Amino acid sequence: MRYAETGFNLEIDLSRGSIERVATDPRDTALHLGGQGTAAKILWERVGPEVDPFSPDNLLIFSTGLLHGTPVPGANRTSVDTFSPQTDRYSHSLFGGFFGPELKHAGYDKIIIRGKSPDFVYLWIHNGKVELRDATHLEGKGALDTASTIKAELKQPEAQVAAIGLAGENRVFMATIEHANSSASRGVGVIMGDKRLKAIAVRGTNDINVARPEELFGISSPMYEAIYENPDCGDLLAHEDDEEFHVNNFAWGNARERQKGYWNHEREEQWTAITESVRLRWTGCYNCPKDCHMAVSYPGRPPYFQKCYSKLTYAMAAYEEIGFNYDILGVTQEHGLDGFSTPQVLAFAVELYDAGILTDEDLPDFPPDGAGRFFYLVEKIVHREGIGDVLANGVYHAARAIGKGAEEYDHNTMKKFEQVPLKLSMINYPYFLMYATGEKMNITQIEGSYPQVPIADLEERKAFTERWAAAPERFKEYFMEWEPRAHPTVEASINIADWNETMHYVDDAVGTCAFLSSFTGQWAGQPPYHIHNLPDFISHATGLDLDSDGLWKIARRNRNLIRAINVRRGLRRADEKPPADHWKKRDPEMEQKLLDAYYEFKGWTNDGIPTKQTLDDLSLGYVSDDLVERGILSGDEQSGSEATVGASAE
Amino acid sequence: MTDAKGTAAVKDLADKKVLKHIKVDLDKCIGCRACEMACSAFHSKPRFSSTNPARSRIRVVIDEKNDMYVPIRAGDYTPAECTGRHKYTINGKEYNECSFCGVSCPSRDYFIEPDSGLPLKCDMCEEDPTLTEPWCVKVCRCDCLTFAEEEDDREEQPEKRDEMEIGLESLILKHGLDKVLDMVARMSSKG
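Since we're looking at a predicted model, the values are computed, not measured.

Asks: Is there a simple way to explain the overall build of chain A in this structure?
Replies: Scanning chain A from terminus to terminus reveals 27 helices and 20 strands. The C-alpha radius of gyration of chain A comes to 23 Å, within 12% of the 26 Å expected for a compact globule of 650 residues. Dimensions of chain A, computed from the C-alpha atoms along their principal axes, are close to 65 × 60 × 55 Å. Taken across its 650 residues, chain A has 58% of its residues classed as buried.

Encoded structure:
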């Protein structure tokens with residue numbers, strides 16, 4: 001019997017309309033766990049570097065995490081993995097809610113979608129019965145509306161649905177996949193639309209078995225209280241009415257300027273009143289006591305769920321107030337648009353208009369106000385109408401297609417992808433490394449375990465490290481040595497970047513939410529899940545006997561495999577740099593030194609390619625063979641073997 | 001009224017007739033369905049060995065578009081569908097009474113074992129030693145579900161009536177006294 005996982009994947013070929021249930025190899029679980037990890041192996045093996053993201057040969061993979069459906073609270077984030085037409089690289093996103101656990105109860109660990117359907121279809125999975133159904137009647141429908149229509153027509157109110165809106169249908173690069181109270185962003189909805197797959201509905205009523213029931217339940221049940229009572233986990237910002245941090249520190253417009261002093265008591269009262277008037281309730285995801293998602297009803301808009309920092313992104317990009325943000329989310333959530341990248345594309349277009357690069361010819365009847373302009377542009381983009389067809393490819397590609405100096409206004413993308421609108425003064429070493437070398441396209445998917453600032457009071461700092469169970473020992477030393485306003489050492493910086501990203505690779509394989517784990521330690525050092533307690537949850541659930549070092553090694557394997565996927569598609573050191581103006585004061589010499597040290601520490605070549613020895617040590621010999629065969633590696637490159645010893649959980 | 005979470009208080013009540021309640025505050029439900037997971041795990045055999053919300057004796061009925069989150073608990077089994085159902089209108093949307101009914105019944109697949117088709121019924125996680133609260137309540141940290149034990153202060157029920165008496169009475173009600181007497185006479189003459 002397989003524990004925690006089902007041992008089967010669903011293979012759907014949309015070109016041929018075929019559906020297969022395929023047994024998986026338990027050795028892959030031992031090597032990669034699940035979720036993003038096992039998905040990466042499939043992408044490596046089956047999607048070569050020559051495959052265009054819009055080719056029928058590109059795969060779109062929905063993966064449950066290894067702990068989905070087990071009693072472990074907060075394991076519910078579904079991983080979506082494919083290749084992005086925006087970056088031409090590996091694309092990965094996660095969404096919470098209920099989809100992954102339901103899929104596992106239906107009897108599958110993954111849905112692997114290849115090919116393209118001639119017309120829009122949706123996939124209906126009901127335990128052993130799986131079918132592709134016509135979805136032409138759902139074309140143009142909003143994402144949440146699609147979900148409720150499908151549930152009604154199937155007479156399955158308990159089915160879980162993931163769907164695209166008009167943005168995905170029209171292959172908008174910022175398209176999301178929407179499910180219940182959650183969304184997958186970062187370039188996966190466009191592929192679902194390209195494959196003409198409008199939605200996936202799933203209902204599962206099978207058991208999920210775990211290896212050591214008493215032990216697993218024993219450590220899982222206290223987690224409800226531990227998570228619920230912990231004020232420093234969950235989405236802290238979602239619940240906050242005091243927006244000072246965001247409105248003062250994030251950049252407004254097209255990631256342009258900070259508005260210091262914008263926030264005041266009066267505004268806080270106004271915004272709070274608006275928020276309270278539109279809030280229906282707070283909701284949570286499967287088997288988690290935190291309520292991070294706000295159900296919203298804005299007058300004249302269909303109800304939707306607002307999550308994370310999207311409550312401010314549109315307002316700040318348009319120089320508007322929070323009421324506008326709730327209003328436009330009522331439109332963009334149904335269209336299925338990413339609340340991080342879309343506002344930047346809109347603000348970019350407004351800047352081009354103001355600069356005379358886009359004209360009234362491009363934007364006929366363009367409204368004069370920020371709000372009006374954003375609504376106008378959203379419709380142009382999701383219908384790919386006129387200039388919207390260009391803007392729908394994101395800032396990087398739009399800038400080059402428009403020309404006439406528009407490239408100068410593309411200042412906040414990295415590796416062709418929109419970044420968080422943050423403009424800071426002094427370069428930050430660990431953050432430089434995370435931005436430059438991360439594979440997950442958004443800093444929030446890379447940072448999170450190590451605090452962003454030192455605690456000034458030494459006694460307090462000492463107390464912090466004493467209760468810091470999440471941290472391997474060396475980080476307590478770095479933290480104690482960290483002088484306020486000083487840079488961590490190079491050694492500390494590479495370790496911090498490494499630990500931060502390692503925890504995301506753990507979460508994204510087992511399905512635990514970053515708000516309970518990898519994104520969460522940075523506030524108070526008290527994430528409910530961390531490198532020292534997760535091995536017990538995984539071991540009791542699966543029967544694998546895993547310790548912290550073992551888990552760290554698996555995360556490193558997944559990280560290197562994904563690195564290799566991108567390297568095979570052309571990623572090199574020259575691509576590894578943050579947006580040019582992310583920090584006002586840069587240090588080019590130090591940056592190169594940091595990259596040298598980081599690559600060596602990771603066991604990569606000086607060009608950022610994992611060496612044969614690094615890959616072979618991680619049981620990725622088939623990867624190194626391929627890279628050698630392609631001439632990407634000679635096989636004789638030096639590995640930073642000394643440094644990799646340092647990358648452990650102790 | 002007793003503090004549900006104090007074991008000592010529960011002990012004091014051991015000799016008295018106690019009513020167990022799970023109170024539901026609909027406004028507090030966040031729709032996480034931890035109650036379903038925990039219920040199914042507790043009732044799996046061996047205990048906690050598997051999870052399956054479809055086997056749970058508590059189900060959160062969710063209609064996201066209408067902001068409706070209603071945990072319902074499995075009650076008694078009925079072999080027949082009921083007639084003359086109510087319709088509820090909530091936020092302008094009409095729901096059939098079945099949507100919120102806890103009865104295990106043939107008209108829908110709630111509270112029916114997915115494999116055997118047998119009815120499921122909430123047993124308040126009864127076991128020895130007594131749990132301080134049922135598992136669904138234990139995992140519901142947002143306090144949508146709370147557990148309370150109350151001393152039963154209703155009038156003592158009249159003494160239990162004889163089963164035969166109840167049976168005969170219903171036969172007489174249905175067929176009339178004469179017909180029943182006739183039947184008894186005929187059956188006794190056959191010896």
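Asks: I would appreciate a short explanation of the domain arrangement of chain A in the present structure.
Replies: Many authors give the size of an interface as the accessible area that is lost as the parts come together. All names here are of chain A. Under the domain assignment used here, chain A contains domain 1 (8-203), domain 2 (238-413) and domain 3 (428-608 + 637-646). Here the C-alpha centroids of domain 1 and domain 2 sit 26 Å apart. Residue-level contacts link 29 residues of domain 1 with 29 residues of domain 2. Broken down by secondary-structure element, the contributors of at least two residues to the side of domain 1 that touches domain 2 are helix 4 (143-154) and helix 5 (166-169). Across the side of domain 1 that touches domain 2, the residue classes tally to 12 nonpolar, 14 polar and three charged.

Asks: I'm lost on the domain arrangement of chain B in this one. Help?
Replies: Considered domain by domain, chain B is made up of domain 1 (7-151) and domain 2 (163-191). Computed from C-alpha atoms alone, the centre-to-centre distance between domain 1 of chain B and domain 2 of chain B is 41 Å.

Asks: Please clarify how the interface of chain B and chain A should be interpreted in this entry.
Replies: On the side of chain A, 34 residues touch chain B, which itself brings 22 residues to the contact. Elements with a contribution of two residues or more to the side of chain B that touches chain A: helix 2 (34-42) and strand 2 (50-51) of chain B. Among the elements that take part in the side of chain B that touches chain A, helix 2 of chain B stands out by supplying three residues, more than any other. Taken together, the residues of the side of chain B that touches chain A sort by class into 11 nonpolar, five polar and six charged.

Asks: Before we go on, may I ask you to explain the sheet that holds strand 16 (residues 304-307) of chain A in this structure?
Replies: All names here are of chain A. Within the open sheet, the three strands sit side by side as 14-15-16. Their pairing is antiparallel. Each having just a single partner strand, strand 14 (279-283) and strand 16 make up the two edges of the open sheet. Each adjacent strand pair in this sheet contributes to an overall mean axis angle of 30°, direction not counted. Here strand 15 (residues 293-296) pairs with strand 16 via four bridges, running antiparallel. When the bridges of strand 16 are listed, Ala295 appears paired with Phe305.

Asks: Looking at this structure, I do not really get helix 12 (residues 322-335) of chain A. What am I missing?
Replies: An α-helix turns once every 3.6 residues. As a result, residues three or four positions apart point the same way. All names here are of chain A. For helix 12, with 14 residues, the first-to-last C-alpha span of 20 Å sits near the 20 Å given by 1.5 Å per residue. Maximal helix bending in helix 12 amounts to about 30°, located at Leu329. With 12 of its 14 residues buried, helix 12 lies for the most part within the structure. Listed in full, the buried residues belonging to helix 12 are Ile322, Asn325, Tyr326, Asp327, Ile328, Leu329, Gly330, Val331, Thr332, Gln333, Glu334 and His335. Phi for Gly336, located one or two positions after helix 12, is positive at around 75°.

Conventions used here
Residues numbered from 1 in each chain as written. Chains lettered and ligands numbered in written order. Predicted model: local features only at pLDDT ≥ 70, side-chain atom pairs only at ≥ 80, totals over all residues. Helix = DSSP H or I, 4+ residues; strand = E, 2+ residues; numbered from the N terminus. Rg over C-alpha atoms; globule rule 2.2 N^0.38 Å. Buried ≥ 20, exposed ≤ 12 C-beta atoms within 10 Å, placed from the backbone. Domains from an automatic or database assignment. Contact = placed C-beta atoms within 7 Å. Nonpolar A, V, L, I, M, F, W, Y, C, P; charged D, E, K, R; others polar. Pairing = 2+ DSSP bridges. Axes fitted to C-alpha atoms, helices over the stretch in contact; angles between N-to-C directions. Expected span 1.5 Å × (residues − 1). Bend = angle between axes of the 7 residues up to and from the residue.

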